[in-house]
Amino acid sequence: MVDSTTPEALAALDGVGATSLWHAAADGLVLVDDDGVIVATNASLDELFGFEGGELIGRPIELLVPAEFRTGHTEQREGFQDSPEARPMAASRLLHALRADGSTFAVNVSLGRLELSGGSVTMAAVRDLSARVEAEREQAEAERRQTLAEDHERIASDLHDTVIQRLFALGLDLQALSGRAGDETVARRVSGAVDTIDDIISDIRGTIFGLRSSDEPAGLRQRLSAIVSQTESALGFAPEVSFSGPIDDLTHSELAETVEPVVREALTNAARHARASRVTLAVTYDADGIHIEVVDNGRGIGEDVARSGLANLADRATAHGGRFAVEALPAGGTRLAWWVPASVSA
């Protein structure tokens, strides 16, 4: 890949002794005029953003900024031109840039003004922080897991050293009373209570084992499966479930906290209103985004159906730039579809 730098810009850079640095820089470098138009990029920047050499020349710098940040970026760019002190952009928060393929990634951007023969331009040095952000996420997750493991060990110890011991003592006292009970019915009930205490102790020991052996948090697929199981009693049958795509990649994303209540709300609505004998749930995660579809063979959706739960589903989709729709099917039943774009889940 060659540098997409105009001859005029190269000549100007050579005039300030910067041409060799421009070509050799590992960071992406871009020159922008005071109208926000790109006049030069080096090969590192073209490769970083996925453009061919020369493709960005003459295009607005906001092309490299995610849509939701473009208005603010324009204001910040103009403010820098008015007070051009070399500095990093948004040092207090993480910045994101937009690649040619529509994906976003974390970046560090440093700004400076450069006086060229044709006038002043802003030079930005862009560094990809994706690896660092991922390492920080993994570190935070490791710390979270360590904290969770410590909490599990503390709870397990409290259950073993306090609760089980007290239950065991209670069982001994009841056994002693059982032998002295004059009424046979009372003796049987006391004996049954002792058996129940033994069962409770066994359950608690099983819980302790679970706490100490499963510190790994459940993936999103497993958590959604648990939600499905919880709705079986309300439906009166088990829904048919299908998962497609790397759904567990979303486990630690903010979107996972939205997907779970959406699935729960959708299945709960079917249980309350559909009067169905069959419900299917399909969750798909692909390049387009995450799709949730619930179809039932019930009575369909009428105007008399309460819409509060459906409004919650619509609000959750809108909040993430997605879509929500619910429709009565010609052959009977209802289809609910919820979607948010892939950019939200990244």
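Fair warning: this is a prediction, and the values are worked out from it, not measured in the lab.

Student: Help me understand the packing of aromatic side chains in this model?
Tutor: One pair of aromatic rings is described through two measures. These are the centre distance and the angle between the planes. Taken as a whole and judged by the stated rule, the model has 1 aromatic pair. Relative to phenylalanine 105, the ring of phenylalanine 49 has its centre 5.5 Å away and its plane inclined at 65 degrees; by these criteria the two rings are edge-to-face. Here phenylalanine 49, found in helix α3 (residues 43–49), pairs with phenylalanine 105, found in strand β6 (residues 104–116); they are 56 residues apart in sequence, far enough to count as distant. When its relative accessible area of 3% is taken as the criterion, phenylalanine 105 is described as buried.

Student: Would you mind going over the sheet that holds strand β10 (residues 289–296) with me for this structure?
Tutor: Think of a sheet as strands paired side by side through backbone hydrogen bonds, with each pair either parallel or antiparallel. If you trace the 5 strands from one edge of the open sheet to the other, you get β8-β9-β10-β12-β11, paired in mixed fashion. Looking at the sheet topology across the chains shown, the edges are occupied by β8 (240–244) and β11 (323–328). Strand-to-strand twist of the sheet, defined as the mean angle between neighbouring strand axes without regard to direction, takes the value 10 degrees. Pairing between β8 and strand β9 (residues 279–286): 5 bridges, direction parallel. Within the sheet, the bridge partner assigned to serine 242 lies in β9 and is alanine 282. Contacting β8 and β9, helix α7 (residues 220–235) runs over the sheet at an angle of about 165 degrees to β8. Packed onto the sheet, helix α8 (residues 256–274) meets β9, β10 and β12 (334–341) and runs at close to 10 degrees relative to β10.

Student: Explanation requested: α7 in the structure shown.
Tutor: Every α-helical turn comprises 3.6 residues, leaving residues that sit three or four positions apart pointing alike. Over its 16 residues, α7 runs 22 Å from end to end, which matches the ideal 22 Å to within 8%, given 1.5 Å per residue. Looking at the packing, one finds that the buried side of α7 touches β8, α8 and β9. Of the residues trailing α7, glycine 236 is marked for its positive phi of about 90 degrees.

Student: I would appreciate a short explanation of a negative patch on the surface in the present structure.
Tutor: Taken together, the side chains of Asp195, Asp198, Asp199 and Asp203 define an acidic patch exposed on the protein surface. Along the chain, aspartate 203 turns up in helix α6 (residues 184–213).

Calculation notes
- Residue numbers run consecutively from 1 along every chain, following the written order of its sequence.
- Confidence filtering applies because this is a predicted model: local features only for residues at pLDDT of at least 70, side-chain atom pairs given and counted only at 80 or more, and all residues used for totals across whole chains, interfaces and linings.
- The basis for the side-chain values is all heavy atoms of the structure; hydrogens and waters are excluded.
- Aromatic contacts are taken between Phe, Tyr and Trp rings whose centres are within 6.5 Å, Trp giving its six-membered ring; a plane angle under 30 degrees counts as stacked, one over 60 as edge-to-face, and the others as tilted.
- What counts as a helix is a DSSP run of H or I of at least four residues, what counts as a strand is a run of E of at least two, and both are numbered from the N terminus.
- Only protein chains enter the accessibility calculation, which uses a 1.4 Å probe; a residue is then buried when its area is under 20% of its type maximum, exposed when over 50%, and partly exposed in between.
- Two strands qualify as a pair provided that DSSP identifies no fewer than 2 bridges between them.
- Lines fitted to C-alpha atoms define the axes, with helix axes restricted to the stretch in contact, and inter-axis angles between N-to-C directions lie between 0 and 180 degrees.
- In what follows, residue pairs with any heavy atoms lying within 4.5 Å of each other are defined as contacts.
- A helix is expected to span 1.5 Å multiplied by its residue count minus one.
- Put simply, a patch holds well-exposed residues, over 30% relative accessible area, that have no salt bridge, with like charges counted together within 9 Å and Val, Leu, Ile, Met, Phe, Trp or Tyr side chains within 5 Å.
- For the area figures, the Shrake-Rupley method with a 1.4 Å probe applies, and any residue is considered shielded solely by the protein chains shown.
- Here, a salt bridge means any Lys or Arg side-chain nitrogen found within 4 Å of an Asp or Glu carboxyl oxygen.
- Just so you know, the count uses Lys and Arg for positive and Asp and Glu for negative, and it drops His and the chain ends.
- Every charge is mapped to an atom, namely NZ of Lys, CZ of Arg, CG of Asp or CD of Glu.

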